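Structural characterization, general
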Amino acid sequence: MIFFKTNKNKIIIIAITITLMLSMFVSSIGKEKAGIISNTFGIILTPFQTAADYIMQAFSYGKDKSKFENENTILKQQLITAQKEKADYDDLASENAKLRAMLELKKNSGDLNLIAADVVATDSSSWSGVIKINKGASSGIKKNDTVITEAGLVGYVSKVGQTWAIVTTITDLSSSVSAVIERINEYCIVQGDISLYDKNLCAMKYASADSAVSTGDIVSTSGDGGIYPKGIQIGKITKITVNTNGISQDAHVEPFVDFSNLSAVMVMRSSIDRNELPSA
Amino acid sequence: MKKVLTYISLVLLVILGTSLGRYIEIFGVSPNPALCFVIIYSLTNGSVRSASLGLVCGLIFDSVSNVAFGFNGLILMYMCLISSYFSKRFYYHNKTALVFGVFMYSLFYETLSMLFTAVIFSDAPFFHTFFRFALVEASLNSIIAIPILFWVKWLNNEYIRGI
């Protein structure tokens, strides 16, 4: 190969290879923030990706105008109901705070607050459930923060840049969520599965064989594992499959979040120092 | 100027693929226009230009991916080196061969990427992933390669005369 005939080219290619291998090693040991090169690429690309996303959203708004107007009416009604519920909740929260103070209890769930973000890009791989959002460390987002929508669980923040973050969704192959089937209080694991990925489904595993799991059961986060807080709804069971090992049941879970049409998310920022918690 | 235009084209195609691509899915799979662009470019250009474009494209992919940073950069840099090596022998004057080259190199890249991200670390079944995703994406890439081919031709018309 002519390229390798000169020593200069050989040295450059070896240097780049070594640098990239080191970069791969460093990024795989789980740093809290993205590296300089990754961050720079992310910062440069994010505004363009945000702009492109706005253009595409504007096109899809024109196409689905009447659908959005109906949705808007329904949402307004829901907002009024939610405001009433919030007023009740505020009363309960203040009463709760007083009682906690009286009993000198520490809140062990942490103070959670939400950061709204837009989905601006997806991974180039077709089998990857990874998305990019346009908020990052400068907005207070940290690695392992939980990402949700009003419908339910989206995933967790797996990489953080200055103005962007990468979110691993629950449909991604690397995702594994400790969950509970609400109706029967049965613990299980909800995982991404390649054979279900194109149907926007997840796999539920390790529910005990004698548990009365049935289709339509709601699955939510159990709070175990250290990443996801307890009680966030994941989806509902659509199909129960037989596991040949005889000690557990598997099922298909349809997430409440529509991942094929995901444009905005909320990041749950927690005051808990995630580094002190075991990984999920 | 041509180099600048080449890299601007790459960035635009990456944005097209990662931002708008999710709205344009065929059989649940989006084509990868940036990958097509670097393959066609490397099949019609010299090694140094091709390897650097492949490297930059891979690093941009890495910034929107959850894999170890540098993985796509490394794969694409070597893939572009290999494809530019064959360029003068097979693809220099033949559009059909270029489209076939896009299909084969896309399939190679997707299979390698799939092996390292899905099959080895996530126990995904190889054949399902290969037929359901890699093969479909490579086919879609070879279709969108046709307009990209003319764009690359315009970009580097002083290097390739025969296309």
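Residues numbered from 1 in each chain as written. Chains lettered and ligands numbered in written order. Predicted model: local features only at pLDDT ≥ 70, side-chain atom pairs only at ≥ 80, totals over all residues.

A look at the environment of Ile131 of chain A
All names here are of chain A. Within the secondary structure layout, Ile131 lies in strand S2 (residues 130-133). With 27 C-beta atoms counted inside 10 Å, the residue Ile131 sits in the buried group. The spacing of Ile131 and Arg269 is 138 residues in sequence and 18 Å in space, taken between C-alpha atoms. Those residues in contact with Ile131 that lie beyond four places of it in its chain are Val119, Thr122, Val167, Thr169 and Leu262. (Helix = DSSP H or I, 4+ residues; strand = E, 2+ residues; numbered from the N terminus. Buried ≥ 20, exposed ≤ 12 C-beta atoms within 10 Å, placed from the backbone. Contact = placed C-beta atoms within 7 Å.)

So, the domain arrangement of chain A
Residue and element names in this part refer to chain A. Each assigned domain of chain A is listed here: domain 1 (2-28 + 44-62) and domain 2 (115-271). Distance from the C-alpha centre of domain 1 to the C-alpha centre of domain 2: 28 Å. On the domain 2 side, the residues contacting the five residues of domain 1 number eight residues. Its residues assigned to classes, the side of domain 1 that touches domain 2 comprises no nonpolar, four polar and one charged. (Domains from an automatic or database assignment. Nonpolar A, V, L, I, M, F, W, Y, C, P; charged D, E, K, R; others polar.)

Some thoughts on unusual backbone geometry
Residue and element names in this part refer to chain A. Positive phi, normally seen in glycine, also occurs at Asn185, with a value near 55 degrees. With respect to the helices and strands, the residue Asn185 is situated in the loop between strand S6 (176-181) and strand S7 (186-191). A tally of 9 C-beta atoms within 10 Å means that Asn185 is categorised as exposed.

A closer look at the interface of chain A and chain B
Contacts between the two partners involve 42 residues from chain A and, on the opposite side, 44 residues from chain B. Every element with two or more residues in the side of chain A that touches chain B is listed here: helix H1 (7-28), helix H2 (36-63), strand S1 (112-122), S2, strand S4 (153-160), strand S5 (165-169) and helix H4 (194-197) of chain A. Looking at the side of chain A that touches chain B, the element that brings in the most residues is H2 of chain A, giving 10 residues. For the side of chain A that touches chain B, the class distribution of residues is 20 nonpolar, 17 polar and five charged.

Some details on the sheet that holds strand S8 (residues 202-208) of chain A
Around the barrel, which closes on itself, the six strands sit in the order S6-S7-S8-S11-S10-S9 (chain A) with antiparallel pairing between neighbours. Here the strands of the sheet are splayed against their neighbours by 40 degrees on average, with no regard to which way each runs. (Pairing = 2+ DSSP bridges. Axes fitted to C-alpha atoms, helices over the stretch in contact; angles between N-to-C directions.)

Side note on the confidence of the model for chain B
All names here are of chain B. The predicted model of chain B has a mean per-residue pLDDT of 82, with 88% of residues at 70 or higher. Mean pLDDT values for the elements of chain B range from 81 in helix H5 (residues 95-122) up to 91 in helix H2 (residues 33-43). Taken together, the stretch residues 159-163 has pLDDT below 50 and engages in 10 contacts with residues farther than four places along the chain or on a different chain. (pLDDT = per-residue confidence, 0-100.)

Quick look at the nonpolar core
In terms of nonpolar packing, the biggest core is built from 101 residues, with Val190 of chain A together with Phe37, Val38 and Ile40 of chain B touching the most fellow members. Top contributing element to this core by residue count: helix H6 (residues 126-155) of chain B, with 10 residues. Setting aside its immediate chain neighbours within four residues, Val190 of chain A contacts Ile170, Val177, Ala179, Cys202, Met204, Val219, Ile234 and Val253 of chain A. (Core = buried A, V, L, I, M, F, W, Y, C linked by C-beta atoms within 7 Å.)

What about H2 of chain B?
Of all the 11 residues making up H2 of chain B, 11 are buried; the element is thus mostly covered by neighbouring parts of the structure. Listed in full, the buried residues belonging to H2 of chain B are Pro33, Ala34, Leu35, Cys36, Phe37, Val38, Ile39, Ile40, Tyr41, Ser42 and Leu43 of chain B.

Re the packing of H2 of chain B against H6 of chain B
All names here are of chain B. The N-to-C vectors of H2 and H6 enclose an angle of 55 degrees; their axes lie 9 Å apart at closest approach. Put simply, H2 runs oblique to H6. For H2 against H6, the interelement crossing comes out right-handed. Residue-level contacts link Pro33, Leu35, Cys36, Phe37, Ile40 and Tyr41 of H2 to Asn141, Ile144, Ala145, Ile148, Leu149 and Val152 of H6. (Parallel < 35°, antiparallel > 145°, perpendicular 65-115°, else oblique. Left-handed = near helix turned anticlockwise from the far one by under 90°.)

Things to note about the pairing of strand S10 (residues 233-241) of chain A
Each regular strand carries side chains that alternate between the two faces of the sheet. Residues and elements named next belong to chain A. Here strand S9 (residues 218-221) runs beside S10; their pairing, made up of three bridges, is antiparallel. Among the inter-strand pairings, Ser220 is bridged to a residue of S10, identified as Gln233. Pairing of S10 with strand S11 (residues 248-255) involves six bridges; the strand directions are antiparallel. Residue pairing in the sheet places Thr241 in a bridge with Asp250 of S11. Adjacent in sequence and paired antiparallel, S10 and S11 are bridged by six residues, among which Gly246 carries a positive phi angle near 80 degrees.

Notes on the environment of Ser125 of chain A
The topology assignment puts Ser125 of chain A in the loop between S1 and S2. Apart from the residues lying within four places of it in its own chain, the contact partners of Ser125 of chain A are Ser113 and Thr117 of chain B.

Notes on the environment of Ser83 of chain B
Residues and elements named next belong to chain B. Within the secondary structure layout, Ser83 lies in helix H4 (residues 71-91). When the C-alpha atoms of Ser83 and Tyr41 are compared, they prove to be 9.4 Å apart, with 42 residues separating the residues in sequence. When neighbours within four sequence positions are excluded, Ser83 is seen to be in contact with Ile39, Ser42, Leu43, Ser50, Gly101 and Tyr105.

Notes on the packing of helix H1 (residues 2-20) of chain B against H2 of chain B
Residue and element names in this part refer to chain B. At a minimum axis distance of 7 Å, the contact between H1 and H2 shows a crossing angle of 150 degrees. One element, H1, and the other, H2, form an angle in the roughly antiparallel class. From H1, Ser9, Leu10, Leu13, Val14, Leu16 and Gly17 reach across to H2, where they touch Pro33, Ala34 and Phe37. Across the contact of H1 with H2, the residue classes tally to seven nonpolar, two polar and no charged.

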